[in-house]
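# Chains, contacts and geometry: an overview
If you want the building blocks of each chain, they are given just below.
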Amino acid sequence: MSRVLIVGSEGQIGSQLSVELSKTIDFDKLFLSDIKDKSKTDFKYLKVDALSYDDLKKNILDNDISEVYHLAAILSAKGEKVPKKTWNLNMNSLFNILNLAKEKIIKKVFWPSSIAVFGDSSSKNETPQFTDKEPITVYGISKLAGENWCKYYNEAYDTDVRSLRFPGVISYDTPPGGGTTDYAVDIFHSFKSGKNYNCFLNEDTTLPMIYIDDAINAIIKLMKTSKDNLRIKSSYNISGFSMSPKMIADELKNLNKEFDVEYNSDFRQAIADSWPNSIMDNYAREDWDWKENFDFKKTVNEMIHKLNIK
Ligand code: SER
């Protein structure tokens with residue numbers, strides 16, 4: 001059985017992925033790592049700087065790790081405030097992992113990409129796997145470059161690096177922090193605390209989304225698929241459903257008529273406008289049987305339930 005390391009375990013995806021992986025991996029074979037001193041969990045935890053190749057290599061060798069989920073990144077909105085830091089973290093941490101895979105120290109890697117690889121020139125509706133890509137954020141540029149490097153390493157060095165282009169991820173446990181799709185999580189927390197929500201995107205801004213359970217299932221499914229089935233060597237388009245702020249606001253208003261949402265768009269509007277309205281994920285469906293379990297309604301109901309909203 002593989003010994004597994006999650007890099008960036010304390011973030012939105014990592015905190016749920018560790019719980020799900022722990023159901024099938026022995027306690028002493030699953031390792032979490034992040035830049036923080038401690039984990040929120042009781043799993044085995046290593047404080048590792050993903051920007052230090054030596055630190056990563058030592059921890060991976062010491063613990064005989066063969067499979068890595070590399071999730072550490074700065075997201076789209078925060079990235080615009082700190083462009084150089086974003087480029088540095090997003091690219092150089094990936095190179096560290098790719099080089100460990102090239103050296104065959106790591107056998108298998110998962111790394112998330114994003115719909116941020118698309119830009120104004122990409123087709124907007126049912127955006128296909130292959131289309132023009134001119135990302136307008138540093139985050140998007142780093143993810144597009146990263147995808148191409150994954151493909152390059154897979155082809156030139158026979159590494160096994162797998163990736164998904166995530167849309168906005170809606171989660172109840174750990175919030176995203178710094179993304180353009182964060183409103184879709186924040187609005188539930190405002191509602192729960194009895195406050196009206198000030199939305200930073202216009203009410204009809206439609207973006208592709210995925211519920212966290214589906215995002216985690218997709219990662220696990222992709223990693224279990226035989227490498228021979230994977231036609232996409234860069235990153236797979238994937239999506240659960242599409243929605244706008246108004247759609248969630250209407251659902252929440254149905255629960256409490258007092259709840260109100262104000263729309264005051266900021267710099268994140270241009271980012272959202274450059275991204276697809278919806279995604280065509282046929283390659284994922286054909287190559288590894290991807291299918292979402294959560295549509296818009298089911299996601300809203302699940303968030304209400306998980307956040308214990310009365
Ligand atoms: N949710 C991410 C963001 O908004 C997209 O990958 O930055």
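Now for a description of the structure that goes with this document. Keep in mind that this is a model prediction, so the values were computed, not measured.

## Thoughts on the site of the ligand
- Residues in contact with the ligand, as listed here, are Leu75, Ser76, Ser114, Tyr139, Phe166, Gly179, Thr180, Thr181 and Trp275.
- The side chain of Ser76 places a nitrogen or oxygen atom 2.6 Å from an oxygen atom of the ligand.
- In the model, an oxygen atom of the ligand is placed 2.6 Å from a nitrogen or oxygen of the Ser114 side chain.
- Protein chains shield 94% of the accessible area of the ligand, which is 240 Å² for the free molecule.
- Its residues assigned to classes, the shell around the ligand comprises 4 nonpolar, 5 polar and no charged.

## Here we look at helix 8 (residues 245–255)
- All of the buried residues along helix 8 are Pro245, Ile248, Ala249, Glu251 and Leu252. Along the axis of helix 8, the buried residues cluster in a sector spanning 160 degrees; they form a single face.
- The secondary structure elements touched by the buried residues of helix 8 are helix 6 (183–192), strand 8 (197–199), strand 11 (241–243), strand 12 (261–263) and helix 11 (296–306).

## Focus on the sheet that holds strand 7 (residues 168–170)
- Reading across the sheet, the 3 strands line up as 7-9-11 and stay open at both edges, with mixed pairing between neighbours. Each edge of the open sheet is held by one strand with a lone partner, namely strand 7 and strand 11. Averaged over all pairs of adjacent strands, the angle between their axes in this sheet comes to 45 degrees, without regard to strand direction.
- The sheet contact formed by strand 9 (residues 207–211) and strand 11 spans 3 bridges and is antiparallel. The residue of strand 11 that forms the bridge with Pro208 is Ser242.
- Packed on one face of the sheet, helix 7 (residues 212–224) meets strand 7 and strand 9 and runs near 80 degrees to strand 9.
- Along the sheet, helix 11 contacts strand 7, strand 9 and strand 11; its crossing angle with strand 9, the most-contacted strand, is approximately 50 degrees.

## With respect to the nonpolar core
- Ranked by internal contacts, the top residues of the largest apolar core, which has 70 residues, are Leu164, Phe166, Tyr183, Phe188 and Trp288.
- The leading source of residues in this core is helix 7, at 8 residues.
- Other than its neighbours up to four places away in sequence, Leu164 contacts Phe110, Trp111, Pro112, Ser113, Ser114, Ala218, Ile219, Leu222, Ser235, Tyr236, Ile238 and Trp288.
- Among the nonpolar cores identified, the runner-up in size contains 23 residues, and Ala72, Leu98, Ile105 and Val109 belong to it.

## Some details on the side chain of Thr174
- For Thr174, the location among the structural elements is in the loop between strand 7 and helix 6.
- Engagement of the side chain of Thr174 in a polar contact is seen with the side chain of Lys40, the distance being 2.9 Å.
- Dropping the residues within four chain positions of it, Thr174 is found in contact with Glu10, Gly11, Gln12, Ser15 and Lys40.

## Comments concerning the sheet that holds strand 10 (residues 236–237)
- Sheet architecture is open: 7 strands sit in the order 3-2-1-4-5-6-10, paired in parallel fashion. What marks the edges here is a single partner per strand, and that holds for strand 3 (44–47) and strand 10.
- Where strand 4 (residues 67–70) meets strand 5 (residues 108–114), 3 bridges bridge the pair, whose relative direction is parallel. Considered in strand 5, the bridge of Val68 is made with Val109.

Cut-offs applied
- Here the residue index of a chain counts from 1 through its sequence in written order.
- Predicted model: local features are reported for residues with pLDDT of at least 70 only, side-chain atom pairs are reported and counted for 80 or more only, and whole-chain, interface and lining totals are derived from all residues.
- Based on all heavy atoms of the structure, the side-chain values leave hydrogens and waters out of the count.
- Proximity is defined per residue: any heavy atom of the residue falling within 4 Å of a molecule or strand makes that residue near it.
- For this analysis, a polar contact is any N or O atom pair within 3.5 Å, provided that within protein one partner can donate a hydrogen and the other can accept it, and provided that sequence-adjacent residues contribute only side-chain to side-chain pairs.
- For the area figures, the Shrake-Rupley method with a 1.4 Å probe applies, and any residue is considered shielded solely by the protein chains shown.
- The classification used treats Ala, Val, Leu, Ile, Met, Phe, Trp, Tyr, Cys and Pro as nonpolar, Asp, Glu, Lys and Arg as charged, and all other residues, Gly among them, as polar.
- Throughout, exposure labels follow a simple rule: accessible area from a 1.4 Å probe, protein chains only, divided by the maximum for the residue type, with under 20% read as buried, over 50% as exposed, and the rest as partly exposed.
- Only runs of H or I of at least four residues qualify as helices and only runs of E of at least two qualify as strands under DSSP, and these elements are numbered from the N terminus.
- Throughout, the arc means the angular range of directions from the helix axis out to the C-beta atoms.
- Contacts are assigned to residue pairs that have any heavy atoms within 4.5 Å of one another.
- Here a strand pair is declared whenever DSSP counts at least two bridges between the two strands.
- Between N-to-C directions, angles span 0 to 180 degrees; the directions come from axes that are lines fitted to C-alpha atoms, helices contributing only their stretch in contact.
- Residues belong to one nonpolar core when they are buried, are Ala, Val, Leu, Ile, Met, Phe, Trp, Tyr or Cys, and are joined through side-chain atoms within 4.5 Å.

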